[in-house]
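Here are the chains, one letter per residue:
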Number of protein chains: 4
Amino acid sequence: MVVILKKNPNEKQLENLKNWLRSLGLELHISSGANQTVLGLVGDTSVVDIDLIKALDIVEEVKRIQEPFKNANRKFHPRDTVIEVGEMKLGGGNFQFIAGPCSVETEEQICYVAQAVKDAGAGILRGGAFKPRTSPYSFQGLGAEGIRLLLEAKAKTGLPIITEIMDLHQLEYFDDVDIIQVGARNMQNFELLKELGKTDKPILLKRGLSSTIEELLMSAEYIMAGGNEKVILCERGIRTYETFTRNTLDISAVPILKKLSHLPVIVDPSHASGISWLVEPLAMAAVAAGADGLIIEVHNDPARALSDGAQSLTPDQFDQVAKRVFQIGKAFGRKVD
Amino acid sequence: MVVILKKNPNEKQLENLKNWLRSLGLELHISSGANQTVLGLVGDTSVVDIDLIKALDIVEEVKRIQEPFKNANRKFHPRDTVIEVGEMKLGGGNFQFIAGPCSVETEEQICYVAQAVKDAGAGILRGGAFKPRTSPYSFQGLGAEGIRLLLEAKAKTGLPIITEIMDLHQLEYFDDVDIIQVGARNMQNFELLKELGKTDKPILLKRGLSSTIEELLMSAEYIMAGGNEKVILCERGIRTYETFTRNTLDISAVPILKKLSHLPVIVDPSHASGISWLVEPLAMAAVAAGADGLIIEVHNDPARALSDGAQSLTPDQFDQVAKRVFQIGKAFGRKVD
Amino acid sequence: MVVILKKNPNEKQLENLKNWLRSLGLELHISSGANQTVLGLVGDTSVVDIDLIKALDIVEEVKRIQEPFKNANRKFHPRDTVIEVGEMKLGGGNFQFIAGPCSVETEEQICYVAQAVKDAGAGILRGGAFKPRTSPYSFQGLGAEGIRLLLEAKAKTGLPIITEIMDLHQLEYFDDVDIIQVGARNMQNFELLKELGKTDKPILLKRGLSSTIEELLMSAEYIMAGGNEKVILCERGIRTYETFTRNTLDISAVPILKKLSHLPVIVDPSHASGISWLVEPLAMAAVAAGADGLIIEVHNDPARALSDGAQSLTPDQFDQVAKRVFQIGKAFGRKVD
Amino acid sequence: MVVILKKNPNEKQLENLKNWLRSLGLELHISSGANQTVLGLVGDTSVVDIDLIKALDIVEEVKRIQEPFKNANRKFHPRDTVIEVGEMKLGGGNFQFIAGPCSVETEEQICYVAQAVKDAGAGILRGGAFKPRTSPYSFQGLGAEGIRLLLEAKAKTGLPIITEIMDLHQLEYFDDVDIIQVGARNMQNFELLKELGKTDKPILLKRGLSSTIEELLMSAEYIMAGGNEKVILCERGIRTYETFTRNTLDISAVPILKKLSHLPVIVDPSHASGISWLVEPLAMAAVAAGADGLIIEVHNDPARALSDGAQSLTPDQFDQVAKRVFQIGKAFGRKVD
């Protein structure tokens, strides 16, 4: 961390700052010029509250050199994290498809889709039970009953299941859920993240609509700081001025996250675009950019889906996409089964 | 609501759609041309799930004419909502200053600031007890103890207090809090909003960093749909590409929210800019644009504040700003005390 | 300027860098720690090409302390620039209204509007002759004939005129134009800026749709580096994810530009919002935030305007807005006539 | 096009609107309900100025069904456009690499890089002669001399060349240039586009930093409306709130542009990211998403490049990337030589 001081800093305040920094166990290197003084801080600066220093009268600017995350940082954990659920492996070269409907609707529906996506090669079943909807008047999901139906589908197909949690008080229903999803709108629901850090279940953490890559990693850090290192990062599109797509898939986030962190990175082309015919090209791009997996919406009858139908694939369409993705995934050296 | 169909829609699907829409109690008006058919839906369309219709194969586009919010809509409630806490009134021409430190630190600190902002004309004391911080290693607030200290300051000064809730399980500590704040990161924490809709306390709802004006009103609608109509809307800056300020104050949101809704609208120039010298000009602009109030960070010692110090005013600076704002507020016809 | 080097920089490359920086007349201050070395550069760093240094293998990060603009910088020119055209003064406390139609259509139209806005207190007449339109099939303006009509209106009313240039080859038509406007889409048309720097006419420079405040000042610097110091900066809204307004007025840009630069700053609430009923509140906010003037679209028949009608005011509406703005402008200490 | 009228529109104004629309050769279909009237316009609506209609008092909203571009529209030209320069083909399944330095510096440099990128498989040489730089104090390119050096490199290697034009008056130097580039900052320099529409040279049109996909196609339409149908579209990153990369590569733009238009689409991963280690994964993603080509910066000595060095590859790095891209390109069915 480098602290650039204002011209002619107050001597006493400077002395206080230096003493405080040293009290945090940091080593100080000072460079004084005619126009500026620079303090170089050496040591574990990840625990320093950067705002505190910026706020000081005598400080012009503070610049981090080290990233502010530790547990999620590849520098300290060079080897890829591999998430395992039963026989399913994700990360470290193991590629996975997560597929299923946006919302669980009926037992018949979820079991039908589960079998179809399994047949097409998906390793994990997704389905929304608790649904975050912009309008209080929209369908809010089946809730606990939705999870029960997912477990039926799991029993029939053997696929591990993933579903979204929206609030801490729902945690009681997630005992048999294999992977817990934190949605984009809850990426900075820090109380939820802290609590999930105390569980031992894998967490799929979706990037917030307007969150930076660093903020995503800091949210992963919240979970990991609690002791749960099984975090899967998910790029799902960010909010920009472009209106053709619902969101803008930030494809660069994939190689950046892979470089900065050892955690597996997956991509959600369905939510990123909101358009079913974009799912295949974006899925291909994600694999090419290095993604460890994909999460894709599949619905037996997209035209009648209770939510987000316009972006869902039919089982047949998913089968086609999966075939092409597996083919390309192999070309890129990914283990696809 | 207007539904624009694709060319040559499947007759059977069209018939199904028409029957379903009529079953929702809507009147249909159909226009068929050589290239397109348009369905005009008349009636209460606020309960229609727009995604459901968009998802249909035969639908090209759906366009709302009515806004999707009802309780927050000025069309149905033309008169300004006035929030009252004791003798404090906000909205309907009543202007209020909410002021105080970002974080409550000590009893001495909060009582000192409370008295200072009261002397300068503030009507409500703010102070953070539960703090949402990007990093798990940053100061997380004093929690329940912070609320206890705020209540001490309330007892000494008579100022009603406002503080932020981050999760439902914290609600037990808010019994004596006058106004509950929902922060930008929780604007779409729908479970929290639903629960707050069951309380009878005024809720200060901050706009999310990348939320649209309509999404803010839909979140207000979540609270109001539960029966609590005491919602205060707060514009606090949105995330854009500009990096000079922490966020970009969307000043247009003030007159737009005032036109679309009857709810009071306040502005937070401290968080919008993140820079203390911008607080005064942005506060003035907010009053000029029609804001019903301002929420401003004031700290006895900004240079040593435990969070967000760079944007805080000293009590003396706040006193200057308040004087100018009150003067201009009167020129704009606002009741300022 | 502060150059932060990577750990263990190559000694020879470091020596080359130091020699090169010294050859630019800069003084170097070096701080070496266990983890990083920092070079502090003292002297006139505005001529240093920051990309050149960033590109070096041994460099981690470069941080400017000084702004990269000089002529536009208030630090070097503390006093407000005042633009004078005949008796019209803009800047340094002198407030001006620029008003007129988006496009010049007929002599009758422009003369009628000119007289109306003059009567309401406008000091400068605007009108588009060369029109930048997104579609090649949209009305492209009357061109040189439009300027001729503006000069007729000037002859009749005595108002100085301002109109937009889109390309260098149009410059021949601007001999009698009082102020030349550079539109948002041309803010970084550097060849045009360079050429305008050789003229002695005031230039109204509009901020690009996605330009930062610093980029706007750098474009002003292009004009000023050529010798023309008569630049008026104009905030006209930036492109964000919010779709309610056409653009998002960045009101913070006003006090920031006033602090960083001595150049006059005006605001265009018509283009920023694209909605006529937002013009008044945004105009008020602009004055309150410190703007030196406003540029507002006024059309005799907004509902039949050949371009941008939806955002134009009628002469009567403009008269009302002007009255309120002048009243508030005086309250803020601005000279309004 | 669908025009949604306000409730109870003025009869006389409605009659005027209907007559005017019919006078444009459009067929009208009217649907009247209790709450709204909708006009469906059938015919060639691409020449209708949408703002004109939106501006009318009686109009609530106007919604295009047809895209506003014709010449660039795949609906009217289903077959892929193939750009040919000598033996080089781009589009219609023909994949091309465009490579070379950001700026032409010396004859030795450009000839060395030209040979190196040719050896690695590039089909076109790029090099900046006229350089758009944010600061007037930065290196502005060698200008006409730079083009002369590019022609030397072309003579030696046989590679066709591409370089950027910044202003109409530079056109005289482009006689022997094979492809003219319009940079992101000039994407809406409409006078330049019009003039280039009169030439018969292929134009590489880069997407503006904050331009929508539709605006890019409208700018292509400007060129094509002048008679020049040889336009290559280039996605090069858009401006968002994310600061890790210089811009955010909008990978979705590739399949969208390919679907909406018959024009070839290439991607610039160097400028999109501004980081050399991101060039390979983004190049791979672009190919996977359907791009017809790539434009990549290659410099013999990136660490000493006079501009944009941080994002340039060395010839050796480029050779590696090209090998992998060609391999994957073939897997995706692209003709790579």
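Summarised in this report is the structure supplied together with it. (Residues numbered from 1 in each chain as written. Chains lettered and ligands numbered in written order. Predicted model: local features only at pLDDT ≥ 70, side-chain atom pairs only at ≥ 80, totals over all residues. Heavy atoms only, no water.)

### Concerning the relation of the copies chain B and chain A
Inference 1: Taken as rigid bodies, chain B and chain A are interconverted by a rotation of 180 degrees and an axial shift of 0.0 Å, the fit giving an RMSD of 0.1 Å. Seen this way, the second copy is the image of the first under a two-fold rotation axis. If distances are taken from each C-alpha of chain B to the rotation axis, the shortest is found for B:Ser210, at 2.9 Å.
Inference 2: A symmetric contact is evident, with 98% of the interface residues of chain B recurring at the interface of chain A. (Least-squares fit on C-alpha atoms with pLDDT ≥ 70 in both. Contact = heavy atoms within 4.5 Å.)

### Things to note about the pattern of salt bridges
Inference 1: Under the criterion given, the structure shown has 68 salt bridges over all chains.
Inference 2: In this structure, the salt-bridge partner of C:Lys18 is C:Glu15, at a minimum N-O distance of 3.8 Å. Here C:Lys18 pairs with C:Glu15, and both are found in helix α1 (residues 11-23), just three residues apart, close to one helical turn.
Inference 3: Residue class for C:Glu15 comes out partly exposed when judged on its relative accessible area of 36%.
Inference 4: Via salt bridges that share partners, A:Arg207, A:Glu235, A:Asp250 and D:Glu242 belong to a single interconnected network. (Salt bridge = Lys/Arg side-chain N within 4 Å of Asp/Glu carboxyl O. Helix = DSSP H or I, 4+ residues; strand = E, 2+ residues; numbered from the N terminus. Buried < 20%, exposed > 50% of the residue type's maximum accessible area, 1.4 Å probe, protein only.)

### Looking at the packing of aromatic side chains
Inference 1: Applying the stated criterion to the full structure yields 24 aromatic pairs over all chains.
Inference 2: Relative to A:Tyr222, the ring of A:Phe190 lies with its centre 4.6 Å away and its plane at 20 degrees, an arrangement referred to as stacked. Of this pair, A:Phe190 sits in helix α5 (residues 190-196) while A:Tyr222 is found in helix α6 (residues 213-225), placing the two residues 32 residues apart along the sequence. Judged on exposure class, the residue A:Phe190 and its partner A:Tyr222 are both buried.
Inference 3: Seen in terms of ring centroids, C:Phe130 and C:Phe174 are 6.3 Å apart; in terms of plane orientation they differ by 20 degrees. Their pairing is stacked. Here C:Phe174 lies in the loop between β9 (161-165) and β10 (179-182) and C:Phe130 lies in the loop between β8 (124-126) and α4 (144-157), a separation of 44 residues in the sequence.
Inference 4: Overall, the relative accessible area of 12% leaves C:Phe130 in the buried class.
Inference 5: Ring pairing ties together the aromatic residues A:Phe95, A:Phe97, A:Phe318 and A:Phe326, which thus form one cluster.
Inference 6: Note that C:Lys70 overlies the ring of D:Tyr137, its terminal NZ or CZ placed 5.4 Å from the centroid.
Inference 7: The side chain of D:Lys259 reaches across the aromatic face of A:Trp277, ending 4.4 Å from its centre. (Phe/Tyr/Trp six-rings, centres within 6.5 Å; stacked < 30°, edge-to-face > 60°. Lys NZ or Arg CZ within 6 Å of the ring centre and 35° of its normal.)

### Looking at α6(A)
Residue and element names in this part refer to chain A.
Inference 1: When the terminal C-alpha atoms of α6 are compared, their 18 Å separation across 13 residues agrees well with the 18 Å that a helix rising 1.5 Å per residue should span.
Inference 2: Counted residue by residue, α6 has eleven buried out of 13 residues, so it is predominantly covered.
Inference 3: Of the residues making up α6, those classed as buried are Ile213, Glu215, Leu216, Leu217, Met218, Ser219, Ala220, Glu221, Tyr222, Ile223 and Met224.
Inference 4: Those residues of α6 hidden inside the fold are in contact with α5, β11 (203-206), β12 (231-235) and α7 (253-260).
Inference 5: Looking at the residues trailing α6, positive phi occurs at glycine 227, about 115 degrees. (Expected span 1.5 Å × (residues − 1).)

### Details of the sheet that holds strand β11 (residues 203-206) of chain C
Residue and element names in this part refer to chain C.
Inference 1: Around the barrel, which closes on itself, the eight strands sit in the order β7-β8-β9-β10-β11-β12-β13-β14 with parallel pairing between neighbours. Here the average twist between neighbouring strands, direction ignored, is 30 degrees.
Inference 2: Relative to strand β14 (residues 293-297), strand β13 (residues 265-267) is paired through two bridges, and the arrangement is parallel. From the neighbouring strand, valine 267 faces β14, where its bridge partner is leucine 294.
Inference 3: Here α4 sits on the sheet in contact with β8 and β9, set at roughly 170 degrees to β9.
Inference 4: Of the strands in this sheet, β13 and β14 are in contact with helix α9 (residues 279-289), which crosses β14 at around 165 degrees. (Pairing = 2+ DSSP bridges. Axes fitted to C-alpha atoms, helices over the stretch in contact; angles between N-to-C directions.)

### A closer look at the side chain of B:Ser219
Inference 1: Within the secondary structure, B:Ser219 is located in helix α6 (residues 213-225).
Inference 2: With residues near it in sequence (within four places) discarded, B:Ser219 still touches B:Met187, B:Gln188, B:Phe190, B:Leu193 and B:Leu205.

### A look at the interface of chain B and chain A
Inference 1: With 51 residues of chain B in contact, the opposing surface of chain A contributes 50 residues.
Inference 2: A combined buried area of about 4,100 Å² lies between chain B and chain A, and 52% of that area is made up of carbon and sulfur atoms.
Inference 3: Counting across the chain B and chain A interface gives two salt bridges.
Inference 4: Where A:Arg239 meets B:Glu215, a salt bridge forms, and the shortest distance between an N and an O atom there is 2.7 Å.
Inference 5: Between the two partners, chain B and chain A, sit 19 residue pairs in polar contact (both at pLDDT 80 or more).
Inference 6: Elements supplying a minimum of two residues to the side of chain B that touches chain A: α2 (50-54), α5 (190-196) and α6 of chain B.
Inference 7: Grouping the amino acids of the side of chain B that touches chain A by side-chain chemistry returns 21 nonpolar, 15 polar and 15 charged. (Buried area = accessible area lost by both parts, 1.4 Å probe. Polar contact = N/O pair within 3.5 Å; in protein donor to acceptor, adjacent residues only side chain to side chain. Nonpolar A, V, L, I, M, F, W, Y, C, P; charged D, E, K, R; others polar.)

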